[in-house]
Structures are given as structure tokens and as C-alpha cells.
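# Tertiary structure, described
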Amino acid sequence: MSVEHLIGCHDCGCLYHREPLNSCERARCTRCRHELYRWHAGGPLRRADSLVALTLGALLVYLLAQSFPIVTLELGGMATGATLLQAVGVLWNAGMQVVAAMVLLCAVVFPGLELGALLYVAIGLRRGRRVPGFHLVLRVVQGARHWAMTEVLMIGILITVIKMTSLARVVPHPGLFAFGVLTILCALVMRYEPKALWELADRLAPRPPQGAGAVAVAHAPDTLLTCRACGLVNGYPWQRSKDGACHCRRCGAALHRRIPNSIGWTWVMLAAATLLYVPANLLPVMYSRMIGGGTEGDTIMSGVVLFWNTGSPGLAIIIFVASVVVPVSKLVALAWLNATAQLRSRAAPLARTRAYRVVEFVGRWSMLDIFVVALTVALVRFDALATITAGPGAIAFGCVVILTMVASHQFDPRLIWDPIESNGERHV
Ligand SMILES: [Zn+2]
Ligand SMILES: [Zn+2]
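Residues numbered from 1 in each chain as written. Chains lettered and ligands numbered in written order. Predicted model: local features only at pLDDT ≥ 70, side-chain atom pairs only at ≥ 80, totals over all residues. Heavy atoms only, no water.

## Side note on the overall build of the protein
The test is simple: Counting from the N terminus, the helices are the DSSP runs of H or I reaching at least four residues and the strands are the DSSP runs of E reaching at least two. Burial here depends on accessible area, computed with a 1.4 Å probe over protein chains only, as a share of the maximum for the residue type. Under 20% is buried, over 50% is exposed, and the range in between is partly exposed. Any two residues whose heavy atoms approach within 4.5 Å at even a single point are treated as in contact. Residue exposure ignores everything except the shown protein chains as possible cover, and the areas themselves are Shrake-Rupley values with a 1.4 Å probe. Counting rule for charge: Lys and Arg are taken as positive, Asp and Glu as negative, and neither His nor the chain ends is counted. Charged groups are reduced to one reference atom each: NZ for lysine, CZ for arginine, CG for aspartic acid, CD for glutamic acid.
Across its full length, the protein carries 14 helices and 15 strands. Its C-alpha atoms put the protein at 80 × 50 × 45 Å along the principal axes. Burial status across the protein gives 50% buried among its 428 residues. The contacts in the protein between residues at least 6 apart in sequence include a share of 72% that link residues at least 24 apart. With the model as given, the accessible surface of the protein reaches about 19100 Å², and the carbon-plus-sulfur share is 66%. Taking the average place of the 38 positive charges on the side chains of the protein and the average place of its 23 negative ones, the gap between the two points comes to 5 Å.

Okay, here's the thing in C-alpha cells:
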């Protein structure tokens, strides 16, 4: 038996033999139902081809979306418009550097980095070779994808546009349509998982044979470590760096049986996020100054109430779900997962794994309110008539979203299954 044909489940750590699949089949973990790998149409070369075409198209649309204004607002003979980068600039100059940096990273830097890095890797694969820095670049794709939020931004743009129609005349610009197309293309690009690309590279550009010591001799499960980055199951003896740390034989990422100090760090992040959630709700996220009126502060909840009272119950519900329901349920769910993992509970592991997946999936949607605030502030700049600026609540809320995302990333879902494994129910 060779470790080359083993695959480790990302969510529960269970090990399986890799079997060939029939068309349209998916291999799933029998314990936690996580998808291990799937059948792909066409040969590896065709997959590399379509990845090049898709990422190239997405990158071009990305450049268009970032260079054109999204919408312009017309009010009292004045017009304001902004590209996404200009919106970031307005926030930065208004002293909201933290919020500006969040928008810049999640809506500009990480999406661009993901597409650029993926195109670079795909062009190499298309030629049947690994580009220099292949492993590092694929790990960059993995990290950037976690924080790239094009789809959340798109919904944020739509909400802002609907909200603005009550205040001024809204004229759509090419940036708006480009972001719409980009959202669809990014969803297609997401279907190419970095782990599948490592497998693809092994088929298109086979690795040089390993040295005699590198291939596992013993196959007891305790001598196998699954790489969290590329998914390769590494057999003992592990490849070690000078400081004694284990590294993946394929991609070089650090190998750990479980994420180091996962429970402790998850508690730290959760505590910080819970503390910040208080000012995030009590302090205004926006200040609006209208003609003939003073300056008014809007908290998240007063914004929701305003939408509800001004005849937009749909928007009120979306903002309420994204800004209140999602963060609160995420904090509660993660605390429950972390506590049960710490107590080595054996109850309902499947339900807890599913809860973890939901938390991972919905967490990013809380950034919605931050995008709406950023775009509103950038657009409503009609000097004497109406001006909206961001408030300190937005900084606190943005930090809550980031901290809960880091917390769920830090939590190791395999901990849920560890107590069950230790009771002799090991599946290999
Ligand atoms: Zn599993
Ligand atoms: Zn690896």
C-alpha cells in the first residue's frame, strides 16, 4: 500500500484509499459527508485550458470593474460618482483608515491577487510544467480566496444603489455591469480548488521520484499526516526543516496533526469579537447631514429601522440578517463548537460538523454592511445639500467580522471527531 493513494478528509481527518470514479461521481467521506474529490470531464490538459480561459477573462473584467465608476448620483445640479478605489480613498481621507483598508483588501487586493496568481499557475500547467514558486503561489490563491469577497461586494453595491434612489437620481456606469459579470466569473473560478490543482499538476508535470527515505514504510495511521494546504497524505519519516518542524513533501507547508493551539486561539478571537460587538452596535456606523437639518448618527439597528419605515422591508431584513443574525449566531455557534471540542464531547459530531460548515460559509456575508457604508460615504458628497460620513461603529463592526472569520479559520473541525476516533472507531 502506498501513501500516494491515500486521501485525508479535511473536516474529520479520516483517511481513505483513492479509487477511480465513474462519470459525474463524487467521493464523499462516509463519516462527515465532506466531498473528498470529484470526477472531472475532459483530460487534465483540457481542464488547464479552460482554467486559463476563465481566469484570463475574469482578470480582464476585474480590471474594467476597478477602473470605471460604478454609479453617479445627481442631486440639485450636482453629480458625484466613484470607482471602488476612489471610494476607498474617500474613506481613508475621512480618517476611517481601518475601514478603508478592509474594503481595499477584501474587494480589490485579494480578488486581484487570487485571479492573477491562478492565471500564472494555469499558464504553466497548460505548458505541462510547474511555474517557479508553484507551491507558494497556490497557497497564496488559497489564502486570498478566503478573504476575497466579490459576491458580497456586488450585493452591497445593489443595496447601496436601491438605497440611493430615494435620495438622488442614480445613473449606472460600466463599473456596475462589470462587477455583475465579475461575480459570475469568480463563482466559476471558485470551482477550481487549489487542492485539485495540486493533483492536476501531479498528472501534467509529474514530480521527480522521491528519495529512498521519503516514502513511508510503516502505515499505521499515527505515522500519517495530512497536509492542510495541498491535501497530500505524508508518511513517516516526515520531511523536517532545520528547526525540527515537519513539512509537506509536496508543497512545503508546515504539517501538524491538528492546528496548533486551535482551541486556545479560537477562544481569544471569540472573546475579542464579543467585546467589540458591543461598541459595534452602540456607536453610529454613519453620520448623515441633510439640508436644513443637523448631523444625525445612525447605528446598525437604527439603519435597519429606517429601511423598514421608509418602505424597504426587504433591504431592512437583508441588513438585519447580515449585520445582527449572522454575527451573533456565528459567535454562539463557534463558542458551542469550541467548548464541546474542548470537553471532548462525543455528542452529535455530524450536526456539529455541519454547523461548522455553515459558520465558515456565512461568515463573510457580514461584510455587507461595511461595503454599503463605504459606498454610501463615497457617493453622498453634496457639500451643502447632503453629506454622509462613516462613524466609529463601522470600525468596531468590521473588526468583529474579521475576528470571527479568523476564529472559524483557527478552529480545527477534526477536533470534533477526535474523541470518537480514540474509542476504536477508526476508519482507514
Ligand atoms: Zn470526513
Ligand atoms: Zn502539502
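## Examining the domain arrangement of the protein
What counts, and what does not: Domain limits in this description derive from either an automatic procedure or a database domain assignment. Note on definitions: buried area is the accessible-area loss of two parts on being combined, 1.4 Å probe, summed for both. The rule for a salt bridge is simple: a side-chain nitrogen of Lys or Arg has to be within 4 Å of a carboxyl oxygen of Asp or Glu. Polar contacts, as counted here, are pairs of nitrogen or oxygen atoms within 3.5 Å of one another; within protein the pair requires one atom able to donate a hydrogen and one able to accept it, and residues that are adjacent in sequence qualify only if both atoms are side-chain atoms. When residues are grouped by polarity, Ala, Val, Leu, Ile, Met, Phe, Trp, Tyr, Cys and Pro land in nonpolar, Asp, Glu, Lys and Arg in charged, and all others, Gly among them, in polar.
Examined at the domain level, the protein breaks down into domain 1 (44–206) and domain 2 (260–428). Taking only C-alpha atoms into account, the centre of domain 1 sits 22 Å from that of domain 2. Across the contact, 38 residues belong to domain 1 and 35 residues belong to domain 2. Together, His 146, Ile 159 and Lys 163 form the three largest contributors to the area buried by domain 1 at its contact with domain 2, with a combined 16%. The salt bridge involving Glu 151 is made with Arg 364; its shortest N-O contact spans 2.9 Å. Summed over the shared surface of domain 1 and domain 2, the number is five residue pairs in polar contact (both at pLDDT 80 or more). Counting only elements with at least two residues in the side of domain 1 that touches domain 2, the list comes to strand S5 (71–75), strand S6 (78–81), helix H2 (84–93), helix H3 (97–126), helix H4 (134–147) and helix H5 (150–164). At 11 residues, the largest contribution of residues to the side of domain 1 that touches domain 2 is made by H5. Partitioning the side of domain 1 that touches domain 2 into residue classes produces 29 nonpolar, six polar and three charged.

## Focus on the coordination of the zinc ion (ligand 2)
Working reference: metal with six octahedral donors, ideal angles 90 or 180 degrees; metal with four tetrahedral donors, ideal angle 109.5 degrees. Quick reminder of the rule: Donor atoms (N, O, S) are those found within 2.8 Å of the metal centre, with the cutoff raised to 3.2 Å for Na, K and Ca; water is not part of the atom list, so apparent gaps in a site can occur.
Distances from the zinc ion (ligand 2) to its protein donors, Cys 227 (SG), Cys 230 (SG), Cys 248 (SG) and Cys 251 (SG), fall at 2.3 Å. Counting the intervening residues between successive donors of the zinc ion (ligand 2) yields the motif C-x2-C-x17-C-x2-C. Taken together, the residues span a long stretch of sequence, with Cys 227 in the loop between strand S8 (224–226) and strand S9 (233–235) and Cys 248 in the loop between strand S11 (246–247) and helix H8 (262–282) at a distance of 21 residues. By relative accessible area, Cys 227 is classed as buried at 1%. Residue Cys 248 is classed as buried on the basis of its relative accessible area, which comes to 1%.

## Focus on the nonpolar core
How we decide: Buried Ala, Val, Leu, Ile, Met, Phe, Trp, Tyr and Cys residues that are joined via side-chain atoms within 4.5 Å together make up what is termed a nonpolar core.
Ranked by size, the top nonpolar core spans 134 residues in total, and within it Leu 84, Leu 91, Val 103, Leu 125, Phe 179, Met 367 and Phe 371 carry the most contacts. Take this core: its biggest share by element is 14 residues, from H3. Taken domain by domain, the makeup of this core includes at least three residues from each of domain 1 (44–206) and domain 2 (260–428). Apart from residues lying up to four places away in sequence, Leu 125 is in contact with Ala 48, Phe 134, Leu 197, Leu 200, Ala 201 and Leu 204. Membership of the second largest hydrophobic core comes to five residues, among which are Val 3, Leu 6, Leu 15 and Leu 224.

## Some thoughts on the coordination of the zinc ion (ligand 1)
Test applied: Site shape is set this way: if four donors have all angles between 85 and 135 degrees, tetrahedral; if opposite donors are over 155 degrees apart and all others between 65 and 115, square planar for four donors and octahedral for six; otherwise irregular.
Distances from the zinc ion (ligand 1) to its protein donors, namely Cys 9 (SG), Cys 12 (SG), Cys 29 (SG) and Cys 32 (SG), fall within the range 2.2 to 2.3 Å. If you look at the zinc ion (ligand 1), its four donor atoms make angles of 99 to 119 degrees with each other, and the shape they trace is tetrahedral. Look at where the donors of the zinc ion (ligand 1) fall in the sequence and you get C-x2-C-x16-C-x2-C. Here the residue Cys 9 occupies a position in the loop between strand S1 (6–8) and strand S2 (15–17), and Cys 32 occupies one in the loop between strand S3 (26–28) and strand S4 (35–38), the gap between them amounting to 23 residues. By the burial criterion, Cys 9 is buried, and Cys 32 matches it.

## Points about the sheet that holds S5
Sheets are built from strands paired through backbone hydrogen bonds, the pairs being either parallel or antiparallel. Note the threshold: Strands were regarded as paired on the criterion that DSSP finds at least two bridges between them. Lines fitted to C-alpha atoms define the axes, with helix axes restricted to the stretch in contact, and inter-axis angles between N-to-C directions lie between 0 and 180 degrees.
Pairing is antiparallel across the open sheet formed by three strands, whose spatial order is S6-S5-S7. At either margin of the open sheet sits one strand with a lone partner, and together these are S6 and strand S7 (169–172). Ignoring strand direction, the axes of neighbouring strands in this sheet form an average angle of 25 degrees. Two strands pair when backbone bridges link them, and S5 and S6 are joined in this way by four bridges, in the antiparallel orientation. Looking across to S6, one finds that Glu 74 is bridged to Ala 79.

## Side note on the sheet that holds strand S12 (residues 286–290)
Pairing within the open sheet is antiparallel, and its four strands lie in the order S13-S12-S15-S14. The sheet is open, and its two borders are formed by strand S13 (295–298) and strand S14 (381–382), each paired with just one other strand. In the sheet, S14 pairs with strand S15 (residues 386–390) via two bridges, with the strands oriented antiparallel. By the bridge assignment for S15, Arg 381 is matched with Thr 387.

## A word on the pattern of salt bridges
Inspection of every chain in the model, using the stated rule, returns 13 salt bridges. Among the ionic pairs, Glu 35 bridges to Arg 26, the shortest N-O distance being 3.1 Å. Residue Glu 35 is joined to Arg 38 by a salt bridge in which the shortest nitrogen-to-oxygen separation is 2.8 Å. The class for Glu 35 is partly exposed, based on a relative accessible area of 22%.

## Side note on helix H13 (residues 392–410)
Just so we agree on the cut-off: A helix is expected to reach a length of 1.5 Å times the quantity of its residues less one.
Here H13 spans 27 Å end to end across 19 residues, near enough to the 27 Å set by a 1.5 Å rise per residue. All buried positions along H13 are accounted for by Gly 393, Ala 394, Ala 396, Phe 397, Gly 398, Val 400, Val 401, Leu 403, Thr 404, Met 405, Ala 407 and Ser 408.

## Section: the layout of surface pockets
Formally: Cavities and pockets are found on a 1 Å grid laid over the protein atoms alone: a cavity is a set of points where a 1.4 Å probe fits but cannot escape, a pocket is an open set with protein on both sides within 12 Å along at least five of seven lines, and a lining residue has an atom within 4 Å of such a point. Grid points are joined across faces, edges and corners, and a volume is the space filled by probe spheres set on the points.
Within this model, the second largest pocket holds a volume of roughly 620 Å³. Contributing elements (two or more residues each) for the lining of the second largest pocket: H5, S12, S13, helix H9 (300–309), helix H10 (313–342) and helix H12 (368–379). When we break the lining of the second largest pocket down by domain, the ones giving at least three residues each are domain 1 (44–206) and domain 2 (260–428).

## Some remarks on unusual backbone geometry
Of note in this structure, Arg 33 is not a glycine but carries a positive phi near 65 degrees. Structurally, the position occupied by Arg 33 is in the loop between S3 and S4. One non-glycine residue with positive phi stands out, namely Ala 348, at about 40 degrees. On the secondary structure map, Ala 348 appears in the loop between H10 and helix H11 (349–362).

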